Structure formats: C-alpha cells, structure tokens
Amino acid sequence: MKGWKLTKPLTLTEQEITVKEKTNKTKVKVTKALLTLSDVLNFSNEESNNMVLGSYGIGIVSEVNSNLFGIEKGSHVYIEPNHPCGECFNCKNDEQIKCSNMQTAGEDYNGFLSDFVMADPSSLYLLPNSVSNFSALFISHISLAISVIDELGIQKGDYVSIIGGNNFANILTQLLIYYQAVPILATLNEEDYQIAKESGIYYVLGPEDSWQKEVSSITGGRMTKFVVYVSDCNIPTNKAFALASYNAGIAFTGTSYKNLSLPTAQAMKKQLDIHFINSGYGNTATSINLIANKALDLSHLKLDSTTFDNVPNTLHSMLKNLEENDKIYETIVDLI
Ligand SMILES: [Zn+2]
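Residues numbered from 1 in each chain as written. Predicted model: local features only at pLDDT ≥ 70, side-chain atom pairs only at ≥ 80, totals over all residues.

Peer 1: Summarise the pairing of strand β16 (residues 304–307); cite the residues concerned and give the values.
Peer 2: Of the strand pairs in this sheet, β16 and strand β17 (residues 331–334) are connected by four bridges, and their pairing is parallel. Bridging from a neighbouring strand, Asp-304 pairs with Thr-331 of β17. Following the backbone out of β16, through helix α11 (residues 311–323) and into the adjacent parallel β17, one traces a crossover that is right-handed. (Pairing = 2+ DSSP bridges. Helix = DSSP H or I, 4+ residues; strand = E, 2+ residues; numbered from the N terminus. Right-handed = clockwise from strand over helix to strand, strands pointing away.)

Peer 1: I'd like a rundown of the packing of helix α1 (residues 37–44) against α11, residues and numbers included.
Peer 2: Look at α1 against α11: their axes get within 10 Å of each other, and the N-to-C directions meet at 95°. It follows from the interaxial angle that α1 and α11 lie roughly perpendicular. Here Asp-39, Val-40, Phe-43 and Ser-44 of α1 lie close against α11, whose contacting residues are Leu-315, Met-318, Leu-319 and Leu-322. For the contact of α1 with α11, the per-class residue count stands at six nonpolar, one polar and one charged. (Axes fitted to C-alpha atoms, helices over the stretch in contact; angles between N-to-C directions. Parallel < 35°, antiparallel > 145°, perpendicular 65-115°, else oblique. Contact = placed C-beta atoms within 7 Å. Nonpolar A, V, L, I, M, F, W, Y, C, P; charged D, E, K, R; others polar.)

Peer 1: With reference to specific residues and values, describe the domain arrangement of the chain.
Peer 2: Under the domain assignment used here, the chain contains domain 1 (2–137 + 303–334) and domain 2 (145–277). Relative to domain 2, the C-alpha centre of domain 1 lies at a distance of 28 Å. With eight residues of domain 1 in contact, the opposing surface of domain 2 contributes nine residues. (Domains from an automatic or database assignment.)

Peer 1: So, the nonpolar core: which residues are in play, and what are the values?
Peer 2: Among the nonpolar cores identified, the biggest contains 92 residues, and Leu-172, Val-227 and Val-228 are the most heavily contacted of them. When residues of this core are assigned to their parent elements, the largest contribution, eight residues, is made by helix α4 (residues 139–152). Two domains each put at least three residues into this core: domain 1 (2–137 + 303–334) and domain 2 (145–277). If sequence neighbours within four positions are ignored, Val-227 has contacts with Ser-161, Ile-163, Ala-240, Leu-243, Ala-244, Ala-248 and Ile-250. (Core = buried A, V, L, I, M, F, W, Y, C linked by C-beta atoms within 7 Å. Buried ≥ 20, exposed ≤ 12 C-beta atoms within 10 Å, placed from the backbone.)

Peer 1: Could you give me a rundown of unusual backbone geometry, with the residues and numbers involved?
Peer 2: With glycine set apart, most residues show a phi of negative sign, and most peptide bonds adopt trans. A positive phi angle is found at Asp-94, which is not glycine, with a value near 60°. In this structure, Asp-94 sits in the loop between α2 (89–92) and β7 (103–104). Phi at Gln-271 takes a positive value of approximately 50°, unusual for a residue other than glycine. Assignment of secondary structure puts Gln-271 in the loop between α9 (264–269) and β15 (273–277).

In structure tokens:
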C-alpha cells in the first residue's frame, strides 16, 4: 500500500504504508478521494500528525476477511471517515455519537490519499448503483448538514440564515428546503451565488445585497431564528450575528476547523445560543438514502480534479488560494 504521507508541514512524501498482518479489517482499493479545506489546513499546520492525508474517500472492496452483510469483493463502498475514540467518558457510556475525541481520517489516522486502505467492516457502506461517484463524495457533507439541523432543532417553517455559499452551504440549504424550513443563503462569492440559484434555492443574497435589510423583509422584521455560519466563507462573523433574532440558535460548522474571531458582546446582547458542530457521525446511511431518493440536486456543485501524482502541487495551490482569500475548490483525486 502506498500513500501520500505528511512528513512535516508543507511536505508530502509518497511512502509504503505498513499494516499489521493479523487483522479483521477489510482491504479497500480507493478509487476516488476528496481534498478539502481540512486537508489544506492539516498540510500547513505545524501541529498536524504525520499521517496519510485525505479525509473523504470511496472505493471497491478488494479482500474480505470476515462475513459482511451485503458486502463482497468488488462492492462499491463509502468509507466512514469518523470513528469514536472508544475511550472517553461518553464512548464508555455507549454514547459514541457524543465522543469528545472523534477520530478523523487524514488527521488522527491514515486517510484516503492511498491506493488501498484497511477499513473496519463497520465503517463500510454499500453504494447503490443509483448513487454516482460524484454524489458519493458529498456523503460527509450531507451527514454534517443533518447533524446541524438536528443539533439546532430546526423545524418545518423555521427561518434559517446560512452564511457562506460553498458546496457544504449549498447542500445544507437544499436539505433545509427538503425538510420544509425556510433557508436564506448569503454569500459574497459571485459563482457560489449563481450555483445556489441554479440549484433551485429561492432566497439567495449576494455581494450586492443589504443582507440585514433583505432578511428583515423576508421574515417580517423578526430576523431568523437560526443562523448557520460555514467556517471557510471569509465573511465577518458580526454579519452573521446581525441576521439573528433575539436568543437565536447559531451554529459554527463546516468541513474544516478554520479559526474565527467572534463578536461576543453582540452575541451576549442578543443572548445567542451558540453551537459548534463538526461531525456528521451516525448519519451516513440516511445521507446515502437521500442521494438515492434524489432529495438534493448536486449536479450544479463544482469540484476540481487532479491525479494522485499531482496531489502535492494541488495542495500547494489550494493553500495559495486560502492565503489570498480566494475560493477553494474541493478537489477529486482519481486513483485509478
Ligand atoms: Zn470517545
């Protein structure tokens, strides 16, 4: 097994990855991995672990070591990237979903920028034929969006502002429409604005709009009961808080842990109820079902693509975009 291992900040080395001989894990040939902002941050962070990067991936089962229901050699699978630690208080009390040290691929253990991975059988999900490779790469985004809706307790008819327009923000907004909430997506990026419109999102605010005024007019002056701030949108957080009603639920979330500064005085004045949400663990089967049932239109979302050999160059150019506050395109890595 060969993979791109982070050996020091900004340096990836193609290495042979050794695994223990005796294992009940399943060998999966990775067919596609997705590079996201999270990989870019890990790539440049002094404190990152020396790991094979790549937080999302899909593949084909190449060797099966135990009886797996419905999964056999040649099956197309999605590999769940989050694992509860098994050691924290919540894990030991059978509340793995609330694990306080969730282990993430590419961060805490070797990720998917590798020709093969050895996966725990319980982390494999069979992909139906109706789920394309392109859609399958968004399963984690959808799972995280479900967590956001659950954690905030958003109900039918609730107004929700979404700050940011990237792929995750678009998916969350579509899912809110599917659940009959009333989302308003606000973005400073012209392309994301267009993609949101093409995806059938009704309330989209762009760089030219006065967000506070528009949200006030849509909600009859109430402002929104919920605000979701997507972590890599480069929008000042006070703009997000300005759209919230008194005591609104605010979520900071996204596919990466980018640092943010928060206007706490504004939050205290409105007595906002702030949440930080980073994992969609436990929602994978639901996400696959939503795709299979065509609940979301993913066809307008944009992903770049690159080859396995070109991964280090791609990460360097994504990092450059991050430093220049340009849009970062999540990038498919083709491994076959
Ligand atoms: Zn735990």
